[in-house]
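What follows is the residue order along each chain.
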Amino acid sequence: MTLPPADGLILSMGYLPPDLQGSGLLAHALRRAAGRVDLWDRLPIEGLQSLRAWFAREIGNGAVFSPHDVIICNGGQAAITATLRALVPPGRPILVETPTYTGAISAARAAGLEVIPVAMDENGVRPELLEDAFQQTGARVFYSQPTFSNPSGVVTSIERRAAVLDIAAEARAFIIEDDWARDLDLTGNAPAPLATGDRHGHVVYIRSLAKSAAPGLRVAAVMARGAALARLKVARASQDFFVSGPLQAAALAVVSAPGWKRHLKAACAALIERRDVLVGALREEAGDCVTFQVPTGGMHLWLRLPDHVCDVALAADMARNGVFISAGRAWFPADPEGSFLRLTFAGHPTTLVEGAKRLSQAIKHKL
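Q: Requested: an account of the packing of helix H3 (residues 75-87) against helix H4 (residues 102-110), with residues and values cited.
A: Their axes nearest at 10 Å, the elements H3 and H4 cross at an angle of 40°. As judged from the angle between their axes, H3 and H4 are oblique. Remark: the crossing between H3 and H4 carries right-handed chirality. Touching Gln-77, Ile-80, Thr-81 and Leu-84 of H3 are Gly-103, Ala-104, Ser-106, Ala-107 and Ala-108, all from H4.

In structure tokens, the structure reads:
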């Protein structure tokens, strides 16, 4: 989480860079919200009703969750932390895809949970391994990013989504669906959220605005039904009471503005262009030294290195030379299955080209 120096070649950040953020929309919305005296008062733990209604409508046109099923949180990380605390007692196991979001791993460990990895392939988590993990560990929660998994970019197939829901229902378990990149669907072909196929209330759904608007918009929603919702309200109340009223109102104004869709369209168009620049530069400079799949959403490229090249050592070497990348090891809750890097392709094209060139030279030097 340490910010790299501004003069470095940064391929390690997990947010849109300033030139792709919705800063103009945010500035206008915050100026208006700051003048409303009522927003500075104490708010309901669950959040502003109008903002909760917007989040509910975003999932299956409001057919999956009602506004009463929504709780506003201080960003996606806070939503994940609260959900883990609410659903999994300390010392108990939680199943996660591997590789998976490093923030979820750290939150689970901080809560004293036993993190159990379940392998993925190019079609998502492997159902037979997930079923076996539930049976062997007695776990009652599975954390998943079925759409544009961070870091791998994998999208779980339609067939496997149905299988995952059935397995969770059979195990009487919850699925935490972290839909972090829903707004960064670069092709417009992403499957509907897992929650839309949930008939039994097993999916707890998380969606954040920080990735698609700006990092400083620390507003996210967690949606659940029944017992899970009741436990989440208790966990949220003990965590930080409620999210700032002006920030909630500004978030609603931003996503309701006519310019919001234009912002998302422009950001995705830029991400496509920059993804292709990084992919082209790596293919030209690194050749067969690395392998990767071109993602259709999100902002990350998951790079496999030759097995004898240590990702941690390589990332440290690159940082000393002004290029900032993310070693893949942090995204594995247990021993990694190989040596990987996560590269963010949201940066300026000149940064991507020069970063790919220096990285490729460093890899070839280690061969």
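That shown, we press on.
Q: Report on the packing of aromatic side chains, specifying residues and quantitative values.
A: In total, this model carries 4 aromatic pairs according to the counting rule given. Arranged with centres 5.0 Å apart and planes meeting at 75°, the rings of Trp-54 and Phe-55 form a pair that is edge-to-face. The exposure classification of Trp-54 matches that of Phe-55, with both residues buried. Between Trp-302 and Phe-340 the ring centres are 4.9 Å apart and the planes differ by 5°, which places this aromatic pair in the stacked class. In this pair, Trp-302 is assigned in strand E10 (residues 300-304) and Phe-340 in strand E13 (residues 340-344), connecting sequence segments 38 residues apart. Neither residue differs from the other here; Trp-302 and Phe-340 are each classed as buried.

Q: How would you summarise the nonpolar core if you had to cite specific residues and measurements?
A: Phe-55, Leu-95, Phe-134 and Val-219 are the most contacted members of the largest nonpolar core, which has 52 residues in total. Looking at which element gives the most residues to this core, the answer is helix H8 (residues 245-256), with 7 residues. Residues contacting Phe-134, with those up to four places away along its chain left out, are Leu-95, Ala-139, Arg-140, Val-141, Phe-142, Ile-167, Ala-171 and Ala-173. Core analysis: the second largest hydrophobic core is formed by 41 residues, Leu-16, Ala-181, Leu-271 and Leu-359 among them.

Q: Report on the layout of surface pockets, specifying residues and quantitative values.
A: Taken as a whole, the second largest pocket encloses approximately 510 Å³ of empty space. Contributing to the lining of the second largest pocket are 21 residues, with Glu-122, Ser-152, Val-154, Gln-293 and Trp-302 lying nearest its centre. Put simply, the parts of the chain that give the lining of the second largest pocket at least two residues each are strand E4 (114-121) and E10. When residues in the lining of the second largest pocket are grouped by element, the largest group, 3 residues, is from E10. A class-by-class count of the residues in the lining of the second largest pocket yields 11 nonpolar, 6 polar and 4 charged.

Q: Can you explain the sheet that holds strand E5 (residues 124-125)? Please cite residues and give values.
A: Hydrogen bonds between backbone atoms are what pair the strands of a sheet, whose relative direction is either parallel or antiparallel. The 8 strands lie next to each other as E2-E9-E8-E7-E6-E3-E4-E5, forming an open sheet whose pairing is mixed. Looking at the sheet topology across the chains shown, the edges are occupied by strand E2 (70-73) and E5. In terms of strand pairing, E4 meets E5 through 2 bridges, oriented antiparallel. Pairing of Met-120 across the sheet is with Val-125, part of E5. Its contacts with the sheet place H3 against E2, strand E3 (93-98), strand E6 (141-144), strand E7 (174-178), strand E8 (203-208) and strand E9 (220-223), and it is angled at close to 160° to E8.

Q: Kindly report on a negative patch on the surface, identifying the contributing residues and their values.
A: A cluster of acidic side chains, namely Glu-131, Asp-132, Asp-166 and Glu-170, defines a negative patch on the protein surface. Mapped onto the negative patch, the elements with two or more residues apiece are helix H5 (127-137) and helix H6 (158-171). Secondary-structure assignment places Asp-132 in helix H5. On the basis of relative accessibility, which here comes to 37%, the residue Asp-132 falls in the partly exposed class.

Conventions we followed
Residue positions are given per chain, counted from 1 along the sequence in the order it is written. Confidence filtering applies because this is a predicted model: local features only for residues at pLDDT of at least 70, side-chain atom pairs given and counted only at 80 or more, and all residues used for totals across whole chains, interfaces and linings. Excluding hydrogens and water, the side-chain values take into account all heavy atoms of the structure. All axes here are fitted lines through C-alpha atoms, helices being fitted over the stretch that makes contact, and every angle between N-to-C directions spans 0 to 180 degrees. Where helices and strands are cited, they refer to DSSP runs of H or I of at least four residues and of E of at least two residues respectively, numbered from the N terminus. Just so you know how the angles are binned, under 35 degrees is roughly parallel, over 145 roughly antiparallel, 65 to 115 roughly perpendicular, and the rest oblique. Handedness of a helix crossing follows the sense of rotation of the near helix relative to the far helix, less than a right angle counterclockwise being left-handed and clockwise being right-handed. Residues count as neighbours in contact if any of their non-hydrogen atoms are within 4.5 Å of one another. Working definition: rings of Phe, Tyr and Trp (its six-membered ring) pair if their centres are within 6.5 Å, and the pair is stacked with planes under 30 degrees apart, edge-to-face with planes over 60 apart, and tilted otherwise. To sort residues, take the accessible area from a 1.4 Å probe on protein chains only and compare it with the maximum for the residue type: under 20% means buried, over 50% means exposed, and anything in between is partly exposed. Take the buried Ala, Val, Leu, Ile, Met, Phe, Trp, Tyr and Cys residues and link them wherever side-chain atoms come within 4.5 Å; each set so joined is a nonpolar core. Cavities and pockets were defined on a 1 Å grid built from protein atoms only: a cavity is a group of points that admits a 1.4 Å probe but offers it no way out, a pocket is an open group of points flanked by protein on both sides within 12 Å along at least five of seven lines, and a lining residue is one with an atom within 4 Å of any such point. Grid points are joined across faces, edges and corners, and a volume is the space filled by probe spheres set on the points. All residues other than Ala, Val, Leu, Ile, Met, Phe, Trp, Tyr, Cys, Pro, Asp, Glu, Lys and Arg, Gly among them, are scored as polar; the first ten of these are nonpolar and the last four charged. Paired strands, in this sense, are two strands between which DSSP finds at least two bridges. What goes into a patch is any residue over 30% in relative accessible area without a salt bridge, connected to like charges within 9 Å or, for nonpolar side chains (Val, Leu, Ile, Met, Phe, Trp, Tyr), within 5 Å. All accessibility values rest on the Shrake-Rupley procedure with a 1.4 Å probe; residue burial counts only the protein chains present in the view. Throughout this description, the term salt bridge denotes a Lys or Arg side-chain nitrogen within 4 Å of a carboxyl oxygen of Asp or Glu. Residues scored as positive are Lys and Arg, those scored as negative are Asp and Glu, and His as well as the terminal groups of each chain are ignored. One atom stands in for each charge, and that atom is NZ of Lys, CZ of Arg, CG of Asp or CD of Glu.

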